[in-house]
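# Chain and residue survey
Residue-level listing of the chains:
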Protein chains: 2
Amino acid sequence: MSYLEKINCPKDIKHLSIAQLEALASEIREAILKRDSTIGGHVGPNLGIVEATIALHYTFNSPQDKIVFDVSHQCYPHKMLTGRKQAFLNEEDMQKISGYTNQDESEHDFFKVGHTSTSVSLACGLAKARDLKGESHNVIALIGDGSLSGGEALEGISNAAVLNSNIIVIVNDNEMSIAENHGGIYNNLRLLRETNGQAECNMFKALGFEYHYVKDGNDIAELIETLNKVKDTQHPVLVHIHTLKGKGYKYAEENQEKWHWNVPFDIESGKEKIQFSGENYNDITAEYLLNKVSQDNKVVVISAGTPGAFGLTPERREKLGQNYVDVGIAEEHAVAFSSALAKGGCKPVFMVWSSFLQRTYDQLSQDLAINNNPAVILTYAGAISSMDVTHLGCFDIPLVSNIPNLVQLAPTAKEEYVAMLDWALEQKEHPVIIRVPTTVFHTQEKVETDYSRVNSYKTVQEGKDVAIIALGSFFNLGRQVSNELEKHNIRPTLINPRYTTGIDKDALNSLKKSHQIVVTLEDGILDGGFGEKITRFYGDSSMKVLNFGAAKEFVDRCPLEELYAKYHLTPRQIVEDILAINK
Amino acid sequence: MSYLEKINCPKDIKHLSIAQLEALASEIREAILKRDSTIGGHVGPNLGIVEATIALHYTFNSPQDKIVFDVSHQCYPHKMLTGRKQAFLNEEDMQKISGYTNQDESEHDFFKVGHTSTSVSLACGLAKARDLKGESHNVIALIGDGSLSGGEALEGISNAAVLNSNIIVIVNDNEMSIAENHGGIYNNLRLLRETNGQAECNMFKALGFEYHYVKDGNDIAELIETLNKVKDTQHPVLVHIHTLKGKGYKYAEENQEKWHWNVPFDIESGKEKIQFSGENYNDITAEYLLNKVSQDNKVVVISAGTPGAFGLTPERREKLGQNYVDVGIAEEHAVAFSSALAKGGCKPVFMVWSSFLQRTYDQLSQDLAINNNPAVILTYAGAISSMDVTHLGCFDIPLVSNIPNLVQLAPTAKEEYVAMLDWALEQKEHPVIIRVPTTVFHTQEKVETDYSRVNSYKTVQEGKDVAIIALGSFFNLGRQVSNELEKHNIRPTLINPRYTTGIDKDALNSLKKSHQIVVTLEDGILDGGFGEKITRFYGDSSMKVLNFGAAKEFVDRCPLEELYAKYHLTPRQIVEDILAINK
């Protein structure tokens, strides 16, 4: 490491020759692999953007010139050049920074970003602010081809094109989204690559951009030459650079989808250091859907650019054939498309992470719920979590459960999940969202097959004084609380509420007879969520109600145990709170 | 009316000659004006699409061939040709149908639609369902140029382009959104118009569509000729038709923005039959912002395609100059843009209808709240309302109040609103959303100027036994309830909570001393809303809490008085419910 170690800020690279910058690029690659192989992280996007990042910082003057990273899967080289190299070189420093841009870490970062397709709109705002304040720096948005398919990106690009002022959009075209690309946009990107940027039919020129093509986006000299041309331009410019995702690491070049992000691995062999074993809902669901599709051609599996997150491997996608649709990163389209598939008599199943379901509130409400079409949505990773602040899964119950007509089911065990899936796919009455649990539990109880009596709770254990209503993935916690209470000579009633989108008034009313305390448990924030609806029901009664769940706050990479302790979510804490009530 | 009266379904027009179809077009125009002048409605969009609708129904076989209307501001001619002409010809039948497509009214409608930019995604779903089921009809999306700028539309178009099957997207280009168009997309539409569709640089071809241009989209013969060419095509086709918004009614042709939608009017003079007088928040806010901008160049007013809804007339926009940005129908971009403007040191004010704020959940959360930039959003029409099911304003409190970091203020009177605006624009700590009330009240009380102690309630009247916490536009209702209670010898405490996004624990705790009942009032649905947070706070106490607001349901053009009665929102009902508690 002759170069990287000496670099503390972008100006430290400005005196280097092209050859030296190329040597620096190699060192940055090595450092990316060091961090990723040690603690996991984004591999391919960072390896592919090394030269472009060097060229950007060589040509522009950050932070006066402002670079906005889209989704920031590709910000590691930028972090290394802006004072954060230790988090790549020293194992003990790695956890000190996030894997995304973060303005709390550096003046060279402007936003915390982890959802795609936002960079151009954000850059437009910075550019307009510059113009109103009479300043004169460059504003640059760096967006991948995969992120381009998202509605927010397209809104942003259409608006950037008419900014009538400096804005430089760099489209990093590595011919990949997280998986392969899908959508007409990629027809045009291919044409532009094939014509070395010369094709007349150019969607960016059509919108009004000055357009430049960089054939080898991993060639520092070529990049610098083009960036120098567009620097300080006083109108919207789009630079289309063709890069190689995973560049310089053979495993990542050869299997770009698998190496988009990875757990810790052995650099030499590419083998993962962590092996997941045992049952998981990715395999359970994927195999279930493969089987369904083989029996019923009307079943359609839909993903919005992230099939790998649900175990939809290339092999499984191949098997699903025409009954699998990846719409690219376009969650809004995915929900409307699903609604219309259901209207057309099909049985769509849209698989989506909790955090990305957020991108579809209006489609859930307008395209789906108002029309009441029987589409099925499977929400993954909907839980209190230790993830980055941009990927939290604790908000989807308030999101979904306050939209009329939607039915959200929260299964507690594999058997119940499968029964709910069976019912959801065959019924014709409701849009159904199933909150796929994170951990696989099994149940010995007989599982219902008919969930058409919406909002009906299931009493799993009859008791008195205290009733525990434990939702979905927290049902097991409810059982633990029940066991703990029995040590205090309280045998509580234990209820599996199954639905998040409404309450079972009969069940709640009947609890009034022999219960004084109702406890709700939910794996998400309390505000606007499941428990509050129950508390409201009891508002005019003498029932005491304790709601357990997460606080409404953005937490960032906070260990789960810490969060549980903070939110009083351990069985012992919950029992203490229950016992404290009557003191 | 020699033709229209004889038409009961689309096949009734198939034997007519072009001249007869043109006569029919005139009759349809007359009927549009009859309905609009009598009960109000969309004028320009319907007048402009008459010929295209006739040509569509002449060429295709609805409902086997399926036409999906975008936003459905332009569905009146379609309704007339599909069995619903009486709602245009007979005054007594007018209220029997909605102003939007509605599958409950007719088998020729497939979706209830009132938000823009959804048609192409919905059409993709119908087309894919057709293909999987081995059917062979045409699927047509009819989308206006204004709707094209929305992210969902762009996601849909990119996906439609790769459908590899029949889908016909008709872009109705009338060179207008609701107001004038904004965005790079319109550069390309203009180029295509100017070259009679021949320009090589064509964003639709770039995506992969077969492209056709119809120079006069109000010429039935030309339309039929082109539609016949594309009918039954087995790949994605886009037909770009150039129409005149407001065609055939001079006032609507001359002032297209004003006549997009109108209240009842006199056909002869174009004069509105209903005059609004007195103070309103549109004028108050627009004048406030004009004044602000004149003093502070960092203030930026942002609209997403609907400036007229906020009193931002062309004259006022002109005066705002560079400090006004219409981003087109692109609410997602608007929120991200606002966040970045604030990050860049400006003072953005994004004005949006409650129902359309729904389109920005993820941008509110990710672009704005996580980054905690001090942008200001003014939400209009956030209230229980008698509008169409697609335009309800009762959902924004649950939408906003369960996202961390956002501060939502609910002013109760003009003076308080202005003070809140002043504070919101100058503070640097929070993204602030102000829920603009629908009716202007005045207050005699001294209004605070500093709202930085977030979630602090204001006690307006000290009392005992009962506390009424009356939010925003329902504060006046709270006062009425208070007056009514005094007749029963109860002098309640009356609280203006001011914030929807959190609770004042000190204030709520102190009520425990001398109050047994807390009543919350909010102008929106109860589920996930303001009152439930208060009820949860009191869950472990003996406080009785009654939450008043709307049920979680989609209501459609239901008179406000009916809704209030149903939801127990009259002062008398509320007092009865309070008095019933201790019985």
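The structure under discussion appears in the preceding block.
Read on for a plain summary of the structure. Each chain carries its own residue numbering, running from 1 in the written order of its sequence. Written order decides the labels, with chains lettered from A and ligands numbered from 1. Totals for whole chains, interfaces and linings use every residue, but because this is a predicted model, local features are given only for residues with pLDDT of at least 70 and side-chain atom pairs only at 80 or more, for both listing and counting. Side-chain metrics in this entry use all non-hydrogen atoms of the structure; hydrogen atoms and water are not considered.

## Section: the overall build of chain A
Secondary structure assignment for chain A yields 23 helices and 18 strands. Here the C-alpha coordinates of chain A stretch approximately 80 × 55 × 50 Å along the principal axes. Looking at chain A residue by residue over its 583 residues, the buried ones come to 68%. Within chain A, contacts between residues at least 6 apart in sequence are counted, and of these 76% link residues at least 24 apart. Residue-level accessible areas treat just the shown protein chains as cover; the underlying method is Shrake-Rupley with a 1.4 Å probe. About 19200 Å² of surface is accessible on chain A, with carbon and sulfur atoms providing 47% of the total. A helix here means a DSSP run of H or I that spans at least four residues, while a strand means a run of E at least two residues long, and both kinds are numbered starting from the N terminus. Type-normalised accessible area, obtained with a 1.4 Å probe on protein chains alone, sets the label of each residue: buried when under 20%, exposed when over 50%, and partly exposed for intermediate values. Two residues qualify as a contact provided that any one of their heavy atoms is within 4.5 Å of a heavy atom in the partner residue.

## A look at the relation of the copies chain B and chain A
The superposition of copies rests on a least-squares fit of C-alpha positions from residues with pLDDT of 70 or more in both. By a simple turn and slide, chain B fits onto chain A: the slide is 0.0 Å along the axis, the RMSD is 0.0 Å, and the turn is 180°. In short, the pair behaves as if placed about a two-fold rotation axis. Mapped onto chain A, 100% of the interface residues of chain B are again interface residues, and the two copies thus contact each other with one and the same surface.

## Quick word on the interface of chain B and chain A
For interface size, the figure often reported is the accessible area lost on association. Between chain B and chain A, the residue contacts involve 105 residues of the former and 105 residues of the latter. Roughly 8400 Å² is buried in total at the junction of chain B and chain A, and carbon and sulfur atoms are behind 58% of that figure. A pair is scored as a salt bridge if a Lys or Arg side-chain nitrogen falls within 4 Å of a carboxyl oxygen belonging to Asp or Glu. Where chain B packs against chain A, one counts 6 salt bridges. Across the pair arginine 536 of chain A and glutamate 532 of chain B runs a salt bridge, and its minimum N-O distance is 2.8 Å. Here the quantity called buried area is the accessible surface, traced with a 1.4 Å probe, that two parts lose on coming together, added over both.

## Quick word on the pattern of salt bridges
For the structure on display, the rule yields 68 salt bridges over all chains. Between glutamate 486 of chain A and arginine 491 of chain A there is a salt bridge, with the nearest N and O atoms lying 2.8 Å from each other. Looking at glutamate 486 of chain A, the relative accessible area reads 32%, which means it is partly exposed. Accessibility expressed as a relative area gives 43% for arginine 491 of chain A, which makes it partly exposed. For glutamate 445 of chain B, the salt bridge is made with arginine 479 of chain B, and the minimal N-O distance between the two is 2.8 Å. Linking glutamate 445 of chain B in the loop between β13 (432–435) and β14 (458–461) with arginine 479 of chain B in helix α19 (residues 475–486), this pair joins segments that are 34 residues apart in sequence. Owing to a relative accessible area of 32%, glutamate 445 of chain B belongs among the partly exposed residues under this scheme. Through salt bridges with shared partners, one network takes in Lys292, Asp296, Lys347, Asp422 and Glu426 of chain A.

## Details of unusual backbone geometry
All names here are of chain A. With omega at 5°, the peptide bond leading from serine 62 into proline 63 counts as cis. If you check the backbone angles, alanine 381 has positive phi at about 60° while not being a glycine. Relative to the helices and strands, alanine 381 is located in the loop between β11 (376–380) and α17 (396–401). The backbone of asparagine 405 shows a phi angle near 75°, a positive value even though the residue is not glycine. Along the chain, the position of asparagine 405 falls in the loop between α17 and β12 (407–409).

## Comments concerning the sheet that holds strand β10 (residues 347–353) of chain A
Sheet strands pair via backbone hydrogen bonds, and the direction of the pair is either parallel or antiparallel. All names here are of chain A. Strands were regarded as paired on the criterion that DSSP finds at least two bridges between them. Strand order across the open sheet formed by 6 strands is β9-β8-β10-β11-β13-β12, with parallel pairing between neighbours. Strands at the two margins of the open sheet, each flanked by one partner only, are β9 (324–326) and β12. The mean inter-strand angle of the sheet, taken between neighbouring strand axes irrespective of direction, is 20°. Here 5 bridges tie strand β8 (residues 299–303) to β10, and the two strands are oriented parallel to one another. Each bridged residue has a counterpart across the sheet, and for valine 299 the counterpart in β10 is lysine 347. Axis lines are fitted through C-alpha atoms, for helices just across the contact stretch, and the angle between N-to-C directions can take any value from 0 to 180 degrees.

## Describing helix α16 (residues 361–369) of chain B
Here α16 of chain B lies mainly inside the structure; 9 of its 9 residues are buried. The set of residues buried in α16 of chain B consists of Tyr361, Asp362, Gln363, Leu364, Ser365, Gln366, Asp367, Leu368 and Ala369 of chain B.

## So, the packing of helix α14 (residues 331–343) of chain A against helix α6 (residues 119–132) of chain B
At their nearest, the axes of α14 of chain A and α6 of chain B sit 7 Å apart, and the two run at 45° to each other. Put simply, α14 of chain A runs oblique to α6 of chain B. α14 of chain A and α6 of chain B meet at a crossing whose hand is right-handed. Taken together, the residues of α6 of chain B that come into contact with α14 of chain A (itself represented by His333, Ala336, Phe337, Ala340, Leu341 and Lys343 of chain A) are Ser121, Leu122, Cys124, Gly125, Leu126, Lys128 and Ala129 of chain B. Angle categories: roughly parallel below 35 degrees, roughly antiparallel above 145, roughly perpendicular from 65 to 115, and oblique for all the rest. A clockwise turn of the near helix away from the far one marks a right-handed crossing, whereas an anticlockwise turn of less than a right angle marks a left-handed crossing.

## Here we look at helix α12 (residues 281–295) of chain A
Residues and elements named next belong to chain A. What a helix should span is 1.5 Å times the count of its residues minus one. Look at α12: 21 Å from first C-alpha to last across 15 residues, which is about the 21 Å you get at 1.5 Å a residue. Along α12, the positions that sit buried rather than exposed are Tyr281, Ile284, Thr285, Ala286, Tyr288, Leu289, Leu290, Lys292 and Val293. Where α12 is buried, its residues contact β8, α13 (314–320), β10, β11 and α18 (414–426). We call two N or O atoms a polar contact when they sit within 3.5 Å, provided that within protein one can donate a hydrogen and the other can accept it, with sequence-adjacent residues counted only if both atoms are side-chain atoms. By the N-cap criterion, in which a side-chain oxygen at the helix start approaches the backbone nitrogen of a residue two or three places on, α12 is capped by asparagine 280, the distance to asparagine 282 being 3.0 Å.

## Here we look at the packing of aromatic side chains
Whether two aromatic rings pair depends on their centres lying within 6.5 Å, for rings of Phe, Tyr and Trp, where Trp uses its six-membered ring; planes under 30 degrees apart make the pair stacked, over 60 edge-to-face, and the rest tilted. Throughout the structure, instances matching the rule amount to 29 aromatic pairs over all chains. Each ring, one from tyrosine 249 of chain A and one from tryptophan 259 of chain A, has its centre 5.3 Å from the other, and the planes form 80°; the classification is edge-to-face. Highlighted residues: tyrosine 249 of chain A in the loop between β6 (236–242) and α11 (250–254) and tryptophan 259 of chain A in the loop between α11 and β7 (261–262), separated in sequence by 10 residues. You'll find tyrosine 249 of chain A and tryptophan 259 of chain A in the same group, each marked buried. On the basis of an interplanar angle of 50° and a centroid distance of 4.7 Å, the ring pair of phenylalanine 310 of chain B and tyrosine 380 of chain B is categorised as tilted. Linking phenylalanine 310 of chain B in the loop between β8 (299–303) and α13 (314–320) with tyrosine 380 of chain B in strand β11 (residues 376–380), this pair joins segments that are 70 residues apart in sequence. Overall, phenylalanine 310 of chain B belongs to the buried group, its relative accessible area being 0%. Put simply, the rings of Tyr249, Tyr251, Trp259 and Phe265 of chain A touch in pairs and so form one group of aromatic residues.

## Some words on the sheet that holds strand β2 (residues 66–69) of chain A
Residues and elements named next belong to chain A. Here 5 strands make up an open sheet; going across it, the order is β2-β3-β4-β6-β5 and the pairing parallel. If you trace the sheet from one side to the other, it starts and ends with β2 and β5 (210–214), each paired once. Each neighbouring strand pair of the sheet contributes to a mean axis angle of 20°, computed without reference to strand direction. Relative to strand β3 (residues 139–144), β2 is paired through 4 bridges, and the arrangement is parallel. When the sheet's bridge partners are listed, isoleucine 67 is paired in β3 with isoleucine 140. Sitting on the sheet, helix α6 (residues 119–132) touches β2, β3 and β4 (167–173), and the angle it makes with β3 is about 175°. Across the face of the sheet, helix α10 (residues 220–230) comes into contact with β4, β5 and β6 while running at roughly 170° to β5.

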